[in-house]
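The chain contents come next:
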Amino acid sequence: MILMKSIFQYLSKNKTAYLFIIPSIAAIALLIFYPMIKTVVMSFTYWYIAIPKSRSPFHPFVGLENYRDVLAMSHFQKTIIVTLVYTGVCVGGRMLVGLGTALLLNKKFVGRGIVRGIMIIPWAIPTIVACIIFTLALDPVYGIVNSILQELNFVETNIPFLSKPNWALLSVIVVGIWKYFPFVTLMLLAALQGIPQSLYEVASIDGASAWKKFISITWPLLRPVWAIVMLLQIVWTVKEFELIYLITQGGPDYATATIGIDIYLNAFRFFKMGAAAAEGMLLLFFSILFSIVYFKFLMKKGESMW
Amino acid sequence: MVSRIVICKKVLFYLAIILLCAIIISPFILLISYSLKSNAEIFSFRPQLIPIKPTLVSYKNVIFSYKVGGSTFVTWTLNSLIVCGAATAISILFASLAGYSLSRFQFQGKSIVWSIVILIQTLPLIIVLISFYILLGRFHMLDSLWSLFLSYIMVFIPVGIWLFQGFFQATSREIEDAARIDGCSYFGVFWRIVFPLAIPGALAIGLFCFVVGWSDYLFASVIIRSSKNWTLPLGLMSFQGEYNILWGEIMAGSTLITVPIVILFLYLQRYLIKGLMAGSVKG
């Protein structure tokens, strides 16, 4: 009775907090957690829409069979390598280009406001439109990229960017860097502007060179933000689907099929739901791993800086 | 001698800036330029950046003559506007309440809720989509805009909570406390004081969500089948037929769906960056 009373008191004190949060929690539970648990279960059951097993239950429990099927896929190794290369090069490229441009835009110059304004354009262009533009620009016959390369005498014959495996992977990586490096730039720029100007003035009086100032002031203060942005980029890039799929559909011959694309193809083109679910679990494992690291960083930083 | 080095540095600096601008903006210029070309000019072996004879014929074709199964670009625009608009409105309402609660109140389980919200940001949604698709099939809800609406809510709410929490964390709570002392209820405070002050932030967060839906291909391609229910990305992809691609029309359609978004982004970017920074980096 006393317990009930104290629970009630506690609840009424925090009533508003719970009331405000319940609609969202309900939606998340129903629309995200419930299907996600179903997918986890699916990854251990036979679920191939095209060839249902006739015996009941309709979707029998098969243990790790789906996982074994995924590992035995002839292109599985390729998928993992493509995913790692795409994620590594894209994130690395964005972090470097982002850092360079943020440092550039942190200087005062005529028209800085305009340049900073247009930085957001690649990010604002819908992914599907970006993919359409690059598909035409990289076309082997009518594409403007080939025509410019010819004009400058860099190449003799047109390069079939999207139909040769390595060129296709390079192309989607370049588009991937172009589309999202402004996010990195703008985040780092915001962080750079939080560094007190007085530190640089003191360093100038001491006669420090620009490089010395970067190494001993800018970088140490920027690094926490840089690390967090990079972790976010990794978890967002490793599951990339649309940007690649809408340019190459994962082809030619799985050369650009990251794990996200392979899951989509397995699930919604070949309707091997069980295998897709099992492959999804691998991606999930990786994502959770990195989000724990991200969370740790966020907590540590929350204590030390803000 | 010294001044010559300074001038050299200046020139290099501005060259770098110009190069950066060119890289950023050239695909956008290309888009608009191609949308003003006739198909004959697009299929030339020496493509030019500036159209020789600018024409609006592609725009006319996209809006008035292109049809798939009786549905037009206008149908798909309306579908996209309605589904993304409704999902954004509902999500903003839910997420702003939750974000406010997380930033202002102390309660049991708060850290768990917050960890879940962050974890979902990194979750590959295709995992959810696999069984979402099966469930929709079981309830005979495939190929319906309602299902797409539900799936966009599922995407928008966690992002919204994440951004709103950061946003409210960064705003002062003094006026709210004063209103509480004057006898306003918590919901009254939220509705009369917090939300009106948060409108620029809410617009930026809303735009962020809206654009995710506006350009979504993954969910739409899985859930929607018939052309009367297509959203804009599905409609655009249909221009890429098996044998010929209507590039002029695709580019005109793409320009139509891109330019308003780009203008809104430019207009709201200050709030957007502040919100993202607060949510993703400051934690």
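Everything numeric here is computed off the predicted structure, so don't read it as measured data.

Chemist: Help me understand the overall build of chain B in this model?
Modeler: Of regular secondary structure, chain B possesses 13 helices and two strands. For chain B, the C-alpha radius of gyration of 24 Å lies well beyond 19 Å, the compact-globule estimate for 283 residues. With respect to the principal axes defined by its C-alpha atoms, chain B has extents near 75 × 70 × 35 Å. Sorting the 283 residues of chain B into buried and exposed places 45% on the buried side. The contacts of chain B with a sequence gap of at least 6 include a subset with a gap of at least 24, amounting to 76%.

Chemist: Could you clarify how one ought to interpret the overall build of chain A in this entry?
Modeler: Within chain A, the regular secondary structure consists of 14 helices and zero strands. Ordered by position in the sequence, the α and β elements of chain A form the string α-α-α-α-α-α-α-α-α-α-α-α-α-α. Expected size for 306 residues packed as a compact globule is a radius of gyration near 19 Å; at 25 Å, chain A overshoots this value by more than 25%. Taken along the three principal axes of its C-alpha coordinates, chain A extends 80 × 80 × 30 Å. Every one of the 306 residues in chain A was classed for burial, and the buried ones make up 41%.

Chemist: Just checking my understanding: could you explain the interface of chain A and chain B for this structure?
Modeler: By a widespread convention, an interface's size corresponds to the accessible area lost as its parts come together. On the chain B side, the residues contacting the 74 residues of chain A number 70 residues. Across the side of chain A that touches chain B, the residue classes break down as 57 nonpolar, 13 polar and four charged.

Chemist: Looking at this structure, how should I read the packing of helix H2 (residues 15-42) of chain A against helix H7 (residues 145-169) of chain B?
Modeler: A pair of packed helices is captured by two measures, namely the crossing angle of their axes and the spacing between those axes. Close contact between H2(A) and H7(B) brings their axes to 10 Å; oriented N to C, the two are set at 130°. Judged by the inter-axis angle, H2(A) sits oblique to H7(B). By crossing handedness, the relation of H2(A) to H7(B) is classed as left-handed. Taken together, the residues of H7(B) that come into contact with H2(A) (itself represented by Ser24(A), Ala27(A), Ile28(A), Leu31(A) and Ile32(A)) are Leu150(B), Ile153(B), Met154(B), Ile157(B), Pro158(B) and Ile161(B).

Chemist: In this structure, what is going on with the nonpolar core? I would like to understand it.
Modeler: Within soluble globular proteins, side chains that are nonpolar generally end up buried alongside one another. Among the nonpolar cores identified, the biggest contains 167 residues, and Met187(A), Leu188(A), Leu129(B), Ile130(B), Ile153(B) and Ile157(B) are the most heavily contacted of them. Among the elements that take part in this core, helix H9 (residues 165-192) of chain A stands out by supplying 16 residues, more than any other.

Chemist: Explanation requested: the environment of Lys213(A) in the structure shown.
Modeler: Residue and element names in this part refer to chain A. Mapped onto the elements of the fold, Lys213 is located in helix H11 (residues 210-238). According to the C-beta neighbour criterion, Lys213 is partly exposed, with 16 such atoms within 10 Å. In this structure, the C-alpha to C-alpha distance between Lys213 and Ala203, residues ten residues apart in sequence, is 6.9 Å. Those residues in contact with Lys213 that sit more than four places away from it in its chain are Tyr200, Ala203, Ala208 and Thr218.

Chemist: What exactly am I supposed to notice about the packing of helix H4 (residues 76-105) of chain A against H9(A) here?
Modeler: Residue and element names in this part refer to chain A. Packing of H4 against H9 brings their axes to within 6 Å, and their N-to-C directions diverge by 40°. Between H4 and H9, the angle is such that the two are oblique. The way H4 lies across H9 gives a crossing that is right-handed.

Chemist: Sorry, what's going on with the confidence of the model for chain A here?
Modeler: Should the pLDDT be low somewhere, the predicted coordinates at that spot are not to be read in detail. Of all residues in chain A, 91% attain a pLDDT of 70 or more, and the chain-wide mean is 85. Per-element mean pLDDT across chain A ranges from 63 in helix H1 (residues 2-13) of chain A up to 94 in H4(A).

Chemist: Would you mind showing me how to read unusual backbone geometry here?
Modeler: Where the residue is not glycine, phi is negative for most of them; where a peptide bond is considered, it is trans in most cases. The phi dihedral of Asp253(A) is positive, around 50°, even though this residue is not glycine. Following the sequence through the fold, Asp253(A) ends up in the loop between helix H12 (242-248) and helix H13 (259-268).

Chemist: Sorry if this is basic, but what is going on with the confidence of the model for chain B here?
Modeler: With 96% of its residues at a pLDDT of 70 or more, chain B shows a mean pLDDT of 86. Per the prediction output, this complex has pTM 0.88; the corresponding ipTM is 0.86.

Chemist: Just to check I follow, could you spell out the environment of Leu20(B) for this structure?
Modeler: Of note, Leu20(B) is situated in helix H1 (residues 2-35). Residue Leu20(B) is classed as partly exposed on the basis of its 19 C-beta neighbours within 10 Å. Excluding anything up to four places from it in sequence, Leu20(B) contacts Thr101(A) and Leu104(A).

Chemist: Help me out: how do you make sense of the environment of Ile261(B) in this one?
Modeler: Note on placement: Ile261(B) falls in helix H13 (residues 247-282). A residue is classified by how many C-beta atoms lie within 10 Å of it, and Ile261(B), with 18 of them, is partly exposed. When residues no more than four places from it in sequence are discounted, the contact partners of Ile261(B) are Ala124(A), Pro126(A), Val211(B) and Trp214(B).

The rules behind the values
- Residues numbered from 1 in each chain as written.
- Chains lettered and ligands numbered in written order.
- Predicted model: local features only at pLDDT ≥ 70, side-chain atom pairs only at ≥ 80, totals over all residues.
- Helix = DSSP H or I, 4+ residues; strand = E, 2+ residues; numbered from the N terminus.
- Rg over C-alpha atoms; globule rule 2.2 N^0.38 Å.
- Buried ≥ 20, exposed ≤ 12 C-beta atoms within 10 Å, placed from the backbone.
- Contact = placed C-beta atoms within 7 Å.
- Nonpolar A, V, L, I, M, F, W, Y, C, P; charged D, E, K, R; others polar.
- Axes fitted to C-alpha atoms, helices over the stretch in contact; angles between N-to-C directions.
- Parallel < 35°, antiparallel > 145°, perpendicular 65-115°, else oblique.
- Left-handed = near helix turned anticlockwise from the far one by under 90°.
- Core = buried A, V, L, I, M, F, W, Y, C linked by C-beta atoms within 7 Å.
- pLDDT = per-residue confidence, 0-100.

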